[in-house]
Every structure is written in structure tokens, then in C-alpha cells.
Amino acid sequence: MKILIPIKRVIDFNVRIRVKKDGSGVETANVKMSMNPFCEIAVEEAVRIKEAGKAEEIIAVAIGGRQCQDILRTALAMGADRAILIETDVEVQPLAIAKLLKATIEKESPGLAILGKQAIDGDNNQTGQMLSALLGWSQAAFASNIEFTDTGLEVTREVDGGLETIAIKLPAVVTTDLRLNEPRYVKLPNIMKARKKPLDVMTPQELGVDVAPSIDVLDIAEPPARAAGVKVADVNELVDKLRNEAKVI
Amino acid sequence: MEFGLSHEQQMVVDTVRSFVENELYPLEDEVERSGQVPRALGREIQDKVGELGFYAPNIPEEFGGGGLDSLTFTLLERELGRASMALSVFWGRPSNILCAGDAGQRERYLLPCVRGEKIDALAMSEPDAGSDIRAMKTFARRDGSDYVINGTKHFISHADVADFIITFVATGEEETPSGPKKRLTCFLIDRDTPGFDIRPGYNSVSHRGYHNNILIFDDCRVPASQLLGEEGSGFDLANTWLAATRLTVAATCTGRARRCFDLCVDWAANRRQFGQPIGRFQGISFKLADMITGIDAADWLTLAAAWRLDQELDANRQIAEAKLYASEMLARVTDEAIQIFGGMGLMDDLPIERFWRDARVERIWDGASEIQRHIIARDLLRPLGA
Ligand SMILES: Cc1cc2nc3c(=O)[nH]c(=O)nc-3n(C[C@H](O)[C@H](O)[C@H](O)COP(=O)(O)OP(=O)(O)OC[C@H]3O[C@@H](n4cnc5c(N)ncnc54)[C@H](O)[C@@H]3O)c2cc1C
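How each quantity is defined
Residues numbered from 1 in each chain as written. Chains lettered and ligands numbered in written order. Predicted model: local features only at pLDDT ≥ 70, side-chain atom pairs only at ≥ 80, totals over all residues. Helix = DSSP H or I, 4+ residues; strand = E, 2+ residues; numbered from the N terminus. Buried ≥ 20, exposed ≤ 12 C-beta atoms within 10 Å, placed from the backbone. Contact = placed C-beta atoms within 7 Å. Rg over C-alpha atoms; globule rule 2.2 N^0.38 Å. Core = buried A, V, L, I, M, F, W, Y, C linked by C-beta atoms within 7 Å. Near = placed C-beta within 6 Å. Nonpolar A, V, L, I, M, F, W, Y, C, P; charged D, E, K, R; others polar. Pairing = 2+ DSSP bridges. Axes fitted to C-alpha atoms, helices over the stretch in contact; angles between N-to-C directions. Arc of directions from axis to C-beta. Expected span 1.5 Å × (residues − 1). Parallel < 35°, antiparallel > 145°, perpendicular 65-115°, else oblique. Left-handed = near helix turned anticlockwise from the far one by under 90°. Domains from an automatic or database assignment.

## Considerations on the overall build of chain A
Phase 1 of the analysis: What chain A contains, in helices and strands, is six helices and 11 strands.
Phase 2 of the analysis: Viewed in the frame of its principal axes, chain A has a C-alpha envelope of about 60 × 50 × 40 Å.
Phase 3 of the analysis: Residues counted as buried form 36% of the 249 residues belonging to chain A.
Phase 4 of the analysis: For chain A, contacts bridging at least 24 residues in sequence account for 69% of all contacts bridging at least 6.

## Let's talk about the overall build of chain B
Phase 1 of the analysis: The secondary structure content of chain B amounts to 10 helices and 10 strands.
Phase 2 of the analysis: Its C-alpha atoms give chain B a radius of gyration of 22 Å, within 12% of the compact-globule value 21 Å for 386 residues.
Phase 3 of the analysis: Buried residues in chain B amount to 45% of all 386 residues.
Phase 4 of the analysis: Pairs at least 24 apart in sequence give 72% of the contacts found in chain B among residues at least 6 apart.

## Regarding the environment of R354 of chain B
Residues and elements named next belong to chain B.
Phase 1 of the analysis: With respect to the helices, strands and loops of the structure, R354 is situated in helix α9 (residues 352-362).
Phase 2 of the analysis: With 21 C-beta atoms counted inside 10 Å, the residue R354 sits in the buried group.
Phase 3 of the analysis: R354 sits 18 residues away from E336 along the chain, and the two C-alpha atoms are 13 Å apart.

## Description of the nonpolar core
One recurring pattern in soluble globular proteins: nonpolar side chains tend to sit buried together.
Phase 1 of the analysis: I5, V43, A60 and A75 of chain A are the most contacted members of the largest nonpolar core, which has 167 residues in total.
Phase 2 of the analysis: Residues within four places of I5 of chain A in sequence aside, it is in contact with A42, V43, A46, I58, A60, A75, A80 and I114 of chain A.

## Remarks on the site of the ligand
Phase 1 of the analysis: In the neighbourhood of the ligand, 19 residues make up the surrounding shell, with M124, G130, S131, A368 and E370 of chain B lying closest.
Phase 2 of the analysis: Residues belonging to the shell around the ligand are distributed by class as follows: 10 nonpolar, seven polar and two charged.

## Brief notes about the interface of chain A and chain B
Phase 1 of the analysis: Taken together, the contact pairs 13 residues of chain A with 13 residues of chain B.
Phase 2 of the analysis: Looking at the side of chain A that touches chain B, the elements that each hand over two or more residues are α2 (69-78) and α5 (188-194) of chain A.
Phase 3 of the analysis: Here the side of chain A that touches chain B gets five residues from one element, more than from any other, and that element is α2 of chain A.
Phase 4 of the analysis: Of the residues contributing to the side of chain A that touches chain B, the split by class is seven nonpolar, two polar and four charged.

## Considering the sheet that holds strand β5 (residues 82-87) of chain A
Residue and element names in this part refer to chain A.
Phase 1 of the analysis: Taken together, nine strands build an open sheet; the order of strands is β9-β8-β7-β10-β6-β1-β4-β5-β11 and the sheet is mixed. Single-partner strands in this sheet number two, and they are β9 (162-169) and β11 (199-202). Between one strand axis and the next, the sheet turns through 35° on average, direction left out of account.
Phase 2 of the analysis: Sheet analysis places strand β7 (residues 138-148) next to strand β10 (residues 172-176), joined by four bridges and oriented parallel.

## Regarding helix α5 (residues 103-114) of chain B
All names here are of chain B.
Phase 1 of the analysis: Those residues of α5 lying buried are Y109, L110, C113 and V114. Down the axis of α5, the buried side of the element spans an arc of 130°, and every buried residue falls inside it. Summarising the geometry of α5, the exposed residues directed more than 90 degrees from the buried face are G104 and E107.
Phase 2 of the analysis: On its buried face, α5 is in contact with β1 (120-123), β4 (164-176) and β5 (179-190).

## Focus on helix α3 (residues 94-108) of chain A
All names here are of chain A.
Phase 1 of the analysis: Over its 15 residues, α3 runs 21 Å from end to end, which matches the ideal 21 Å to within 8%, given 1.5 Å per residue.
Phase 2 of the analysis: Lining the buried residues of α3 we find β1 (2-7), β4 (57-64), β5, β6 (112-116) and α4 (127-135).
Phase 3 of the analysis: Looking at the residues trailing α3, positive phi occurs at S109, about 45°.

## Focus on the pairing of β7 of chain A
Residue and element names in this part refer to chain A.
Phase 1 of the analysis: Bridge count between β7 and strand β8 (residues 152-159): five bridges; the pairing is antiparallel. Note that in β8 the partner of I146 across the bridge is V155.
Phase 2 of the analysis: Hairpin connection from β7 to β8: three residues lie between these consecutive antiparallel strands.

## Brief notes about the packing of helix α1 (residues 7-34) of chain B against helix α3 (residues 70-80) of chain B
Residue and element names in this part refer to chain B.
Phase 1 of the analysis: Interhelical geometry of α1 versus α3 gives an angle of 20° and a closest axis separation of 9 Å. The pairing of α1 with α3 is recorded here as roughly parallel in orientation. Between α1 and α3 lies a crossing whose hand is right-handed. Residues Q9, V12, V13, V16, R17 and V20 of α1 form the contact with α3, whose own contacting residues are T72, L75, L76, E79 and L80.

## Some details on the environment of Q67 of chain A
Residues and elements named next belong to chain A.
Phase 1 of the analysis: Counting through the fold element by element, Q67 comes out in the loop between β4 and α2.
Phase 2 of the analysis: Using a count of 11 C-beta atoms within 10 Å as the deciding quantity, one classes Q67 as exposed.
Phase 3 of the analysis: Linking Q67 and A103, residues 36 residues apart in sequence, is a C-alpha distance of 22 Å.

## A short note on the domain arrangement of chain B
All names here are of chain B.
Phase 1 of the analysis: Partitioning chain B into structural domains gives domain 1 (7-101), domain 2 (120-228) and domain 3 (236-384).
Phase 2 of the analysis: Summarising the inter-unit geometry, the C-alpha centres of domain 2 and domain 3 are found 30 Å apart.
Phase 3 of the analysis: Listed per partner, the contact involves eight residues of domain 2 and eight residues of domain 3.
Phase 4 of the analysis: For the side of domain 2 that touches domain 3, the residue count by class is four nonpolar, four polar and no charged.

Dropping the structure here:
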């Protein structure tokens, strides 16, 4: 089985995000970029599945500018076998990403696609779900554990009420939550080997996908500054405030 | 001119940085408090680094090392320099000079170092021979097929955790344009050799937990097979193999300065006096501007010298410039850091006072600033016969 891992290049999670003065976006000049942390978890999971002998090949896919090669090389150093860059300068939105991934999957025929549940830039949390719908594949979002069974996968999902375990058939789309695993450090010999692994470049046109944005961003603004907290004397006062002031219980 | 890092170099930097932040920073307070790193903890660090395939990254692949070029290794040293030296010493980087050994010595010393089974230290300095290394008194007398060594070394870093010491001693004297000088010879001395004793050194203000030691040779008898290179070749050996270690001082200074600086920027943006962040006062913000300018300058000097080594160009002067500038820059940056932090900067609740203390030795070891200036000036004037 092949596993496809789509990964995204985002502003590093350590960087304090600043909104551009004109509200057109966030400041990315001179800002450190890295692989989206949820995508790192996806790569790690794929590598563990391969190490356990349940997959033969891992293909990492990124969509964006040439610079995305850096996260693809990182994925290769972590253990992916080859990489595909779908190169475009357009800011590609979730539906178009899902369509590009569908086209890639039709070419590569993997049995499993593992994605981050969301990217920490837009926090859209859409691509995985859209991809499974477009493909008609089973779906398990927010995975905190993945087990292989005779008939497919048993996936534990982190849902609002706690944990939910579902059985799904392959092929499937799984999206990762934070607690699925802890990504490894890349090893020095693997960094050097990554250089020799294939990295193919293609374009959205070659895949026959129109990536023109369908959503216009009108304005981007800082969230309001957090108001100061209040101290309560005891639990009774806390419950009272939660019930009558905040009206959350 | 190419100023960017390759993907591989960037991955090396990112990996070392996150290892240092996740695995070493959390141990630092305890090292500062106790002045010790338990050997078992050192072993744990060695094992983790070994698992990453990052042990002995400077040693060529043919000997089982990481085979990094000078530039990439310098980047690695820069990131490692962020952490306490008492801890980072266990990220094994055996001395390159071990590659100069014969097949048997490589088998007995270099390869075990690369595998993390042995740790080396290097001894030149003596109470009466610091900058003037060729004034050393420790002497090896030939006796049949053996050598008998007598004398004292001091300031020998991490000899307490070393299994053997790469030791330079005098084996004679020769006339030079600047008068008679000792002929140096390099020996590999196992720690349990009879007549050889490793004793605790002085308490240093810099790099707590990274100990210096005193070595006593009292009729210490070693066979000629312990001789590295030829008798009398010690000075040339040192020049060939050890110049690059001065570059690691420059690199570690730059990494540590940047760690310290990041804390300063954060403090300047958040510490409020007179109703505003202190960074709004030009008296503070201009300090930050000068600090980062110095850090970037030291970084480029250091990387450019490393690049020259990779191109096999002369780099002696450039290495001296980098070592001189980076160590003096670190002194300024850590001093200004205390100014920016005010009183809190002096308290051991924060790592700032430690950066300031640790910075002091960098202008002294591996060739004091004056010696680096001397090297630079000689490089300029010697060709003119002056
Ligand atoms: C913590 C620590 C760890 C060390 N670790 C090691 C180690 O592992 N192995 C090892 O071999 N050594 C080690 N050293 C020794 C270190 O390399 C020496 O301290 C250094 O070479 C300077 O020698 P010195 O301290 O004897 O000073 P000196 O040589 O006595 O110098 C005193 C002052 O005179 C100046 N001076 C000397 N000669 C000249 C000149 N010609 N022109 C102008 N100024 C001059 C010096 O720059 C300095 O300012 C260590 C030192 C320290 C402090």
C-alpha cells in the first residue's frame, strides 16, 4: 500500500503573528516558515505505519511556491520515499487543494491519505473532509490513534464529548490530532539521504485543476486584546458568575 | 556569492536547535545549582545524540562520523553553543587531530570516540606556558622504545570525563628566528596510565559544571605506539588540525549571543516603566540595534571563514578575526543584556547572569584576544617583511 501525506508550509508556530497594516493578510516577510505541526504528525504516523510493515511507499505532497521544497525535504528526511510539489503562486484555498489532491491520488492510487486536521495559519479544518467527499473514501478526522484491522482501520477520534472509536474501510482519508504521536527528530544520515530522493514538480494545469480562489478575503484584523481576568473568592461565586454573568452553565 | 543555507543545512540547524531546546535547556538550572553533570546523564545525552546519527558529526564518514563539511559543522556548533557547555560536551565531537593517527591508533582511539565509547580531551597549557605554548616544561624523555613523561598541565577542560588525553609535551629544543623554542610532540595518554594523574582544577566563574583539571605526569612511561604523528611534529600537527577548533569558539559565541538577545528583545517589548515598554526608550532600543548588528557581523565572519576552509583557501586570519570578533561581541551583548534587564539581569532566576559569566572565558581560551590580534597582524605584515 502507498500512503499519501499532503503537507503545508506555514509560519512557524513559535512566531508571533502580526497582521499587516492594510489588513490584507499577515506579515510573512522575514518570518520563519516550517511544516505545519499537524502535518508533521501525519508524516510521523505514515513513517511508523511503514516501519510496522503495513505500507510500502510514502509520498509527500505540497502545494505552493518553490520554497515548499524545504518542507518536502524535511518530510523526506523524516522517512517519506518521494515528494511531489504542485507549484503555484496562487493562494490555494481548501476546495482547490482537495481537488489537486484528488487528481494526485487518482494518478498515484494510494490506499490511505493522512493529513493534518488543520493548518495553523488559516485553521480551516476542511481539506481532509472535502478530499474524502470528492473521492468517496471513508473518513476519520481528528485521529488520536490508528490501528490496522482485517477490514481496514480502527481510528480513535478526539471529539467534543471525549473519544470516539470508529471502524473504517480502506481506502480512507485520516486527519491527525495533536496526541496521535510525537514526531521524531530527523537523523543526520537521513538528512543526507533525503537529498537523493526524488522530488517531482508539477503544476495545477497539468493536473487539470482550476485553482482560482472562490472566496474573497475582505479584511484581516487582530483579535481584540484580552480583557483582564477577575478573581473570585470561592467556588460558589465562580459558579454564580458562570451561570448568571457568562451564562455558560 | 550565495548567502542562503541549503535544505540540508537548514535541517541540521533546525534539528540541533530543537534538540538543544527540548533536551538540554531543561537540565541547565540543575547544572548551575550543583556544578555537576552526573555521568549517567552525560551518557544519556550521548545515547540520544547517537540515535540521531549526529554523534561525531565532524569526523569523516570513512571513520563512521557524520562527515559534515566545515560550514555545516560550524552551523551545528553555533546552535549547540546556545546550551550549557557542561551538557553540550556530551554531544561528542572528537578532536579532528585523531584522524592523524596510524591505523592502530584510529582503531583504539578515533573509532571508539566516534562510537561514543571513549571521550577525548586535549592538553597543551601549563602554569608557565599559556599563550607561549612553546615554553612548555612537561618533557618526554626517550628510554629504549618507551617515553618517560614528567611535568604538569593545568586548565585542561573535561579531562575529568575523558578516557584519554591528547597531550602535547616537549621532546627537545630548536633554534627559531625568535630564539630557542621547544620541539613539541603529541602523545595519546590513557587515563589509567601509571604515573599519570587527573586532578580537579580550579573553580571557574565561566561554564559551571564544565570542569578544568590539572594533569600530573610523574615518571609516566608510555610506549612509542602512543605517539601521534612523528616525534617533534607536534607544533605542525596542532597548526594543521586545531586551527578549526578556534572557529568553534566563534560559532558558539554567536549562537549564545543570539539566545541571549532573543530574551532581551522580549524583555524590552514587555517590561514597562514610565507607562511604556522600555524598548520605546531610545536608550534601550539603540542597544538592541547595536547588539543584533554585532551578532550578525560575527555570524557572517564565522560562516565565511568556515566556507574558506571548505574551499581549501587560507583561513588562518579569517578564523582569528571570527574568534576575536565573536568573543568580544558576546562580551558586549551579555553585558548590555544585564543593563536591559536591570537588577533582574544579575539574579540567577534568569539565565542572563550566567551568559555574562560564561562569556568571559571566550576571550581567553583557544588563544586570547591579544593572540588573535597578533595572528591577524602578522598575516598582514609578514609578507611585507615587517
Ligand atoms: C576554563 C579554561 C579551560 C581551558 N581549557 C584548556 C584545555 O582544555 N586545554 C588546554 O591546553 N588549555 C586550556 N585552557 C588554557 C587556555 O588556552 C589559556 O588560558 C590561554 O591560552 C591563555 O593562557 P594563560 O591563561 O596562561 O594566559 P597568559 O598567556 O599568561 O596571558 C596573560 C595575558 O597576557 C597576554 N599576552 C600573552 N602573550 C602576549 C603577547 N605576545 N602579546 C600580547 N599579549 C600577550 C594574553 O593575551 C593575556 O591577556 C583553558 C583555560 C581556561 C581558562
